[in-house]
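Residue strings, one per chain:
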Amino acid sequence: MFPTEVVDFELFGIDKGASWHLRMPASPDEPAMGALLLLLNPLDKKLVAAVQKEKNHTDEQLALVQEMEEGIVDEIVRWALARWDELEDCDSESFGAAAGALTSRVLDEPTAWTPEVVVAASMDLRSSIIAGARSIGFGRRIA
């Protein structure tokens, strides 16, 4: 859904033990197109192969991609919540508008997640985000 590159994490100043890193814009006003860049660590050969494969994933590859999807949704929602008051005035084509829309689809009441609540109940937020992401088709299905 957005650009993905395999890069040397050390050269980018990213912990080399991480499998992926999502670059997001500093401002909600940046255009949605091109606002995200997913960086993959070449040291995680299994994840790189899973992401680069277009169809017929193995169960392991599918699990890796779904876990990453959940993490990406979590990062975008947390980004949006941290800027929630700014998102209302964003252009409809901005990343802020897209992140706000995703957040509203994933969380029943985004405004309930004030910064204080996020800090005090971070795991509760994560659980809500993952459940919401799964409900709209991202991440792993519980069967």
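Residues numbered from 1 in each chain as written. Predicted model: local features only at pLDDT ≥ 70, side-chain atom pairs only at ≥ 80, totals over all residues. Heavy atoms only, no water.

Colleague: What am I meant to see in the sheet that holds strand 2 (residues 20-23) here?
Modeller: Picture the strands of a sheet paired through backbone hydrogen bonds; they go either parallel or antiparallel. Strand order in the open sheet made by the 3 strands is 1-3-2, with mixed pairing throughout. Edge positions in the sheet fall to strand 1 (4-6) and strand 2, since each has one partner strand and no second. Neighbour-to-neighbour, the strand axes of the sheet open up by a mean angle of 20 degrees, direction not taken into account. Alignment of strand 2 against strand 3 (residues 37-40), held across 4 bridges, turns out to be antiparallel. Within strand 3, the position partnered with Trp20 by the bridge is Leu40. Across the sheet, helix 2 (residues 59-82) lies against strand 2 and strand 3, angled at about 30 degrees from strand 2, the strand it touches most. (Pairing = 2+ DSSP bridges. Helix = DSSP H or I, 4+ residues; strand = E, 2+ residues; numbered from the N terminus. Axes fitted to C-alpha atoms, helices over the stretch in contact; angles between N-to-C directions. Contact = heavy atoms within 4.5 Å.)

Colleague: I'm lost on the packing of helix 2 against helix 6 (residues 122-135) in this one. Help?
Modeller: Working note: a packed helix pair is described by the angle between its axes plus the distance between those axes. Viewed as axis vectors pointing N to C, helix 2 and helix 6 meet at an angle of 120 degrees, and their least axial separation amounts to 9 Å. Classed by the angle they form, the pair helix 2 and helix 6 counts as oblique. The handedness of the crossing between helix 2 and helix 6 comes out as right-handed. Each of Glu70, Val73, Asp74, Val77, Arg78 and Leu81 in helix 2 lies in contact with helix 6, whose residues at this interface are Ser122, Leu125, Arg126, Ile129, Ile130, Ala133 and Arg134. Across the contact of helix 2 with helix 6, the residue classes break down as 7 nonpolar, 1 polar and 5 charged. (Parallel < 35°, antiparallel > 145°, perpendicular 65-115°, else oblique. Left-handed = near helix turned anticlockwise from the far one by under 90°. Nonpolar A, V, L, I, M, F, W, Y, C, P; charged D, E, K, R; others polar.)

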